[in-house]
Structure formats: structure tokens, C-alpha cells
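# Working through the structure, step by step
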Amino acid sequence: MALKNSQYDTIMRQYSRLQHQNRHILDDHIKRAYAEIPELSQLDSQVAEISLKKARILLAKDASAEDFDLSEKLSELGARRAELLRTHGFPEDYLKLPSHCRLCGDTGYVDGKKCSCFKRAEIDLLYTQSNIREILKTENFSHFSFDYYSEDIINPLTGKNARETARDAVKKARLFISQFGSSFENLFLYGETGVGKTFLTHCIAQELLEQAYCVIYFTSFDLFDLLAKNAFNASGETDDLAEHVMDCDLLIIDDLGTELTNSFVSSQLFLCVNERILRKKSTIISTNLTTEQFMERYSERTFSRISSSYNMIKLIGRDIRIQKKLMGGKNL
């Protein structure tokens, strides 16, 4: 997904601030160097004058011996400049415009293409706007363990135990990631409290954010709170964020069913689910509700839309949070 204009502007403002800081640093360097080495000012004036002459020759397309002589003179002046800086204890690049990125000079672009630092800035911004930046440092696939999933707990519908079920869920999650961007898919994770549904959504979010996809995470309470504010007390900020909810690459709605459900919430859930399906924007929903409870709370219409467009994944097992407390806090 291409950055929204507001996101692009945010990154370019960061580059603008860097360039301003770089210019300020260079001005301070020039002031100090000129004060300690007066000859530098004279040299730089000569360089500027000769460079202007060369530019006029090039514009006139009149390559001549004079142009060669000017180039030689510039080389001599540059060598003298470097010698003066060195003998007075300054680095040779002391009077060059500093930059954090040597590839693009803090412009964000190299030969008209986004620099690697711009792509990193994209990912950092998307992490920040995802709402789960800090938690993804620990909740990701590298910290996922199947040890908390018992081989003694069996799903009677599939005949698979909790560990086999979790392995299937992770396999489906990784397939979802590998095909993201090339195929449209949604996930519906359900099961009892503490069986790893939220952790798995975080794993998926971390992988896709690293690929510079726009991922937004909301608990169901926070999502419907935002949608209510936008519906009843709209502002430019809530309107932009509500639109972003509908258009981001991946929306994660966590703990659906923990919010206070009413007719507004039910209608907004259907609207959100339906609109993102129409736009072919992927969504992951996690809930502790059974499918029967879900239908009772949000209507058969909403569940029908979800069941026909989502890959349903059920996790089973004992509450992992309780197990961690009892066993000393091992990773999931």
C-alpha cells in the first residue's frame, strides 16, 4: 500500500528537520574554521568564483582549455583547503554538509528512488501508528513456543490435540503472511481466554510491518469508541483515522465481544467488515466468543458475512497466562 499523503508528509517533515539541523551544524563549523584559519574564507571565495565561471562555460557548451585550467585550479584549491584543515586539527570533511545518511544526504531519495533510510522511516512510522509498537518487541514468532499447548486436550470435532491445533494455526498464519499482497484473505481466531489468539495476531502484525505494510491494531472497545466519536462528534482527526481503519492494509480487531454491545456496535461491525471486504483489505478478528455466542450478539447476517469471507481458526488449550505465572514466565 502506498503511503497516504499525511504519512508521506510526516516523513518528509522529518527529513526537512534533519536538513535544517545539518545546515545549522555546517554554519557553526564554517564560523569556527574561518575564525581560526582566515585563509579558508579567501579560498572559499576563490572556489565560488571559479565554479561560477565553469558553470557559465558549461551552459554555453563551450568546452575549452580554459575549462580544463579552471578544473585544475579547483583541484589545487581543494587540496590546499584540506591541508589547512588537517594542519589545524580539523577533519577534512569538517566544512562539508553533514548528514545522517551518506547515500541520500538526508533527502530521502537516490536517483529519484526512495533511499533505504526512507524505507526504514516508513516502517518506523507504520509501527508507531499500529498502536502496538512496544509489545511486538516480545510478542513475535521468535518468542512463540508450543510448550504451553497440551497433547492431552483434544478437539472432538477435528480429533487433533491442542498442540497440533496450535501448529496448524501457526502454519495458516505464516501462509497468510507469505501470500499477503498477492491474495486477499481474512482470519477469524476464536477460542477460550488465554489460548494465544492475541499473541498470534501480534506475530502476524510484526512480520507484515517489517515488510512495510500498514497494520492497525485495535481492541474492540477502542475501535468502537473511535467509530462512535466519528459518528456523533466528528472532527478532522477522527474522520481521518476512521477512514484509515477502512483502508489500511491490515486491520486487527482484538478481543471482540469484550465491549458493551448494542445496536450501534453491531451495525458498525457489519459496516467495517463489509466495507473492508468490498475494498479487499484484509482483517483479523480475535474473540473469546463461540460461533453461537457471536451470532446471538452481532446477528446471523454479520456472522454469515464473516464465515463466508474469513478463514476460521480455533485455538484450544489451558489459559497460558495462568500457566506462565505457575511456571515462571516462559515465552509463549
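The sections below set out a description of the structure shown in this document. Keep in mind that this is a model prediction, so the values were computed, not measured.

### What to know about the sheet that holds strand β7 (residues 311–314)
- A sheet is described by the order of its strands in space; here five strands give the open sequence β4-β5-β6-β3-β7, paired in parallel fashion. Among the strands making up the open sheet, the edge pair consists of β4 (215–219) and β7. Between one strand and the next, the sheet's axes are offset by a mean angle of 15°, whatever the strand orientation.
- As judged from the four bridges shared by strand β3 (residues 187–190) and strand β6 (residues 282–287), these two strands associate in the parallel manner. When the bridges of β6 are listed, Y190 appears paired with T287.

### Looking at the nonpolar core
- Core analysis: the largest hydrophobic core is formed by 66 residues, its most contacted members being I204, L208, L250 and F294.
- Leaving out residues up to four positions away in the same chain, F294 has contacts with F188, L256, L269, L289, S299, T302, F303 and I306.
- Among the nonpolar cores identified, the runner-up in size contains 13 residues, and I50, L77, L84 and L95 belong to it.

### Some thoughts on unusual backbone geometry
- One non-glycine residue, D255, lies in the positive phi region at around 60°.
- For D255, the position within the fold is in strand β5 (residues 250–256).
- Here D255 falls in the partly exposed class, since its relative accessible area comes to 27%.
- Look at S299: it is not a glycine, yet its phi comes out positive at around 90°.

How each quantity is defined
Residues numbered from 1 in each chain as written. Predicted model: local features only at pLDDT ≥ 70, side-chain atom pairs only at ≥ 80, totals over all residues. Heavy atoms only, no water. Pairing = 2+ DSSP bridges. Helix = DSSP H or I, 4+ residues; strand = E, 2+ residues; numbered from the N terminus. Axes fitted to C-alpha atoms, helices over the stretch in contact; angles between N-to-C directions. Core = buried A, V, L, I, M, F, W, Y, C linked by side-chain atoms within 4.5 Å. Buried < 20%, exposed > 50% of the residue type's maximum accessible area, 1.4 Å probe, protein only. Contact = heavy atoms within 4.5 Å.

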